[in-house]
Each structure stands twice: as structure tokens, then as C-alpha cells.
Amino acid sequence: MTARSGSAHSLPFDSDAGRPVVAYIDGGARGNPGPAGFGVRVEEADGSLIEEFGESIGVATNNVAEYRALIAALEWARRHGLRELRVRSDSQLLVQQMLGNYKVKHPGLQPLHAKARLLAHDIGRVTFEHVGRSLNAHADRLANTAMDQAAPEA
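Thresholds applied
- Starting from 1, residues in each chain are numbered consecutively following that chain's sequence as written.
- Predicted model: local features are reported for residues with pLDDT of at least 70 only, side-chain atom pairs are reported and counted for 80 or more only, and whole-chain, interface and lining totals are derived from all residues.
- By convention in this description, side-chain values take in all heavy atoms of the structure and omit both hydrogens and water.
- Should DSSP find at least two bridges between two strands, the strands are regarded as paired.
- Helical segments are the DSSP runs of H or I of at least four residues, strand segments are the runs of E of at least two, and each set is numbered from the N terminus.
- As a per-residue quantity, pLDDT reports the predictor's confidence and falls between 0 and 100.
- In this analysis, two residues are considered to be in contact whenever any of their non-hydrogen atoms come within 4.5 Å of each other.
- Between the N-to-C directions of two axes lies an angle of 0 to 180 degrees, each axis being a line fitted to C-alpha atoms and, for a helix, fitted only over the stretch in contact.
- Put simply, angles under 35 degrees are roughly parallel, angles over 145 are roughly antiparallel, angles from 65 to 115 are roughly perpendicular, and the rest are oblique.
- Left-handed describes a crossing in which the near helix is turned anticlockwise from the far one by less than a right angle; the clockwise case is right-handed.
- Only Asp, Glu, Lys and Arg are considered charged, only Ala, Val, Leu, Ile, Met, Phe, Trp, Tyr, Cys and Pro nonpolar, and every remaining residue, Gly among them, polar.
- In a helix, the anticipated span is given by 1.5 Å times the number of residues less one.
- Here's how the labels work: a residue is buried when its accessible area is under 20% of the maximum for its type, exposed when over 50%, partly exposed in between, all with a 1.4 Å probe on protein chains only.
- As used here, the arc belongs to the directions running from the helix axis to the C-beta atoms.
- Any Lys or Arg side-chain nitrogen located within 4 Å of an Asp or Glu carboxyl oxygen qualifies as a salt bridge.

Undergrad: Looking at this structure, how should I read the pairing of strand β3 (residues 49-60)?
TA: Regular strands place their side chains on alternate faces of the sheet. In terms of strand pairing, strand β2 (residues 34-44) meets β3 through ten bridges, oriented antiparallel. Looking at β3, one finds that Ala36 is bridged to Gly58. Hairpin connection, β2 to β3: the antiparallel pair is bridged by four residues, and Gly47 has positive phi, about 95 degrees.

This is how it looks when you write it as C-alpha cells:
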């Protein structure tokens, strides 16, 4: 897994050859921990929307929600038979942990990290890129909608 895939080459028989797909992911919790959710926006390389979705996940931490977003994106890619996926996230921690540059010390994140690594391995080529929040606005919107759904009624 690398930070960028600029030198990636696809073989002509790859199912997604010529069709790079980018998943923007975001997760969050209000209160940390608190009502949590995530959002995923899947796009063609040119920015055209393929699919977007989110989910409320009850009470969790921001980091758990970020990993749940990543896992959802990876599961989506696997279901759709992709062999390559570019993941963009505004979570420096998640990106650096997935690249192997930071250790996953928190016991609550270790099983999520392990699951994400297995899914990424199943897909084949998954690259990770840290992006600023302004570039992740669609996924953030989806995550906020999911957090609204997770929040208890007042």
C-alpha cells in the first residue's frame, strides 16, 4: 500500500483497467465518544459520482467511525469486483496507520485495522492519501447526516 498511485499500471485483463475509482471517506462522533456515523463517496477519477452512502453506528469515537468508513468503502469495492481503489481521508491517523507509518496502539482500533488490511489485501491495490477537509466535504456531509441519525431524540 502506497500513499500515491501515480506510477500504477493496470493489465488489460483487469476488471477495472482504465477505470480508477476514488473513495472519499469520513467518520465522526459528537462528544467523542458520542453519536457516531460515517460517510463514503465513491467517484470516477474525473470526479463524477458513482455512489455515496453513510451509516449511523451508535455511540463510538471519531477514530472508530473513521475506520468504519474505510471498511465500508473497502467492502463496497470488493462487492463491485474492483482490483484497485484510491482512498482519500482527512484523518491523518487512519492514513498513516494504514500505510504502516504509525502503530495501532488502541485496543478498540486494532481489530478494525486488521479487518481493513485484510479487505485491502483482498482487493489487490489500495492506495491511501491524506486530504484536507475542504477536499472531503461530500464525505463529511454524509457522515454528519449519519451522526444526526445516531443522535438520541431530545
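Undergrad: Would you explain the confidence of the model for the chain in this entry?
TA: For residues with low pLDDT, the predicted coordinates do not support detailed interpretation. Overall, the predicted model of the chain reaches an average pLDDT of 89, with 86% of residues at or above 70. Note that pLDDT drops below 50 for residues 1-17; the model gives that stretch 33 contacts with residues more than four away or on any other chain.

Undergrad: Sorry, what's going on with the packing of helix α1 (residues 62-79) against helix α3 (residues 110-123) here?
TA: Helix-helix packing: each pair is described by the crossing angle between the helix axes and the interaxial distance. Two numbers describe how α1 lies on α3: the axes approach to 9 Å, and their chain directions differ by 20 degrees. Taken as axis vectors, α1 and α3 run roughly parallel relative to one another. Crossing geometry of α1 relative to α3 is assigned as left-handed. Only Leu112, His113, Lys115, Ala116, Leu119, Ala120, Asp122 and Ile123 of α3 make contact with α1, whose side of the interface consists of Val64, Tyr67, Arg68, Leu70, Ile71, Leu74, Glu75, Ala77 and Arg78. Class assignment of the residues belonging to the contact of α1 with α3 gives a composition of eleven nonpolar, one polar and five charged.

Undergrad: Sorry if this is basic, but what is going on with the side chain of Ser89 here?
TA: Inspection of the secondary structure puts Ser89 in strand β4 (residues 84-89). In this view, Ser89 contacts Ile25, Glu66, Leu94, Val95, Glu129, His130, Val131 and Asn136; residues no more than four positions away in its chain are not counted.

Undergrad: Help me understand the sheet that holds β3 in this model?
TA: Two pairing modes exist for strands in a sheet, parallel and antiparallel, and in both the strands are linked by backbone hydrogen bonds. Strand order in the open sheet formed by five strands is β3-β2-β1-β4-β5, with mixed pairing between adjacent strands. Bordering the open sheet on either side are β3 and β5 (125-130), each of which pairs with just one other strand. Strand-to-strand twist of the sheet, defined as the mean angle between neighbouring strand axes without regard to direction, takes the value 20 degrees. Of the strand pairs in this sheet, strand β1 (residues 21-29) and β2 are connected by nine bridges, and their pairing is antiparallel. When the bridges of β2 are listed, Asp26 appears paired with Gly39. Each of β1, β2, β3, β4 and β5 is contacted by α1, which is oriented at about 155 degrees to β1, the strand it contacts most. Sheet contacts for helix α4 (residues 137-150): β1, β2 and β3; angle to β2, the most-contacted strand, approximately 150 degrees.

Undergrad: Quick question: what am I supposed to make of unusual backbone geometry here?
TA: The bulk of non-glycine residues show a negative phi, and the bulk of peptide bonds are trans. With an omega of 5 degrees, the peptide bond running from Asn32 to Pro33 counts as cis. Mapped onto the elements, Pro33 comes out in the loop between β1 and β2. Positioned with a positive phi, Asn32 is a non-glycine residue whose angle comes to about 40 degrees.

Undergrad: Please clarify how α4 should be interpreted in this entry.
TA: In this model α4 runs 20 Å from its N-terminal to its C-terminal C-alpha over 14 residues, within 8% of the 20 Å that 1.5 Å per residue would give. Among all positions in α4, only Ala139, Leu142, Ala143, Ala146, Met147 and Ala150 are buried. Axial view of α4: buried residues confined to an arc of 140 degrees, hence all on one face. Looking at the buried side of α4, the elements it contacts are β1, β2 and β3.

Undergrad: Help me understand the pattern of salt bridges, please; the structure alone is not making it clear to me.
TA: Pairs can form between side chains of opposite charge whenever their charged atoms are close. Under the counting rule described, the total for this entry stands at nine salt bridges. When the shortest N-O distance is used, the salt bridge between Asp122 and Arg78 registers 3.2 Å. Highlighted residues: Asp122 in helix α3 and Arg78 in helix α1, separated in sequence by 44 residues. Look at Arg78 and you get partly exposed, because its relative accessible area is 44%. In this structure, a network of salt bridges that share partners links the residues Arg41, Glu43, Glu52 and Arg141.

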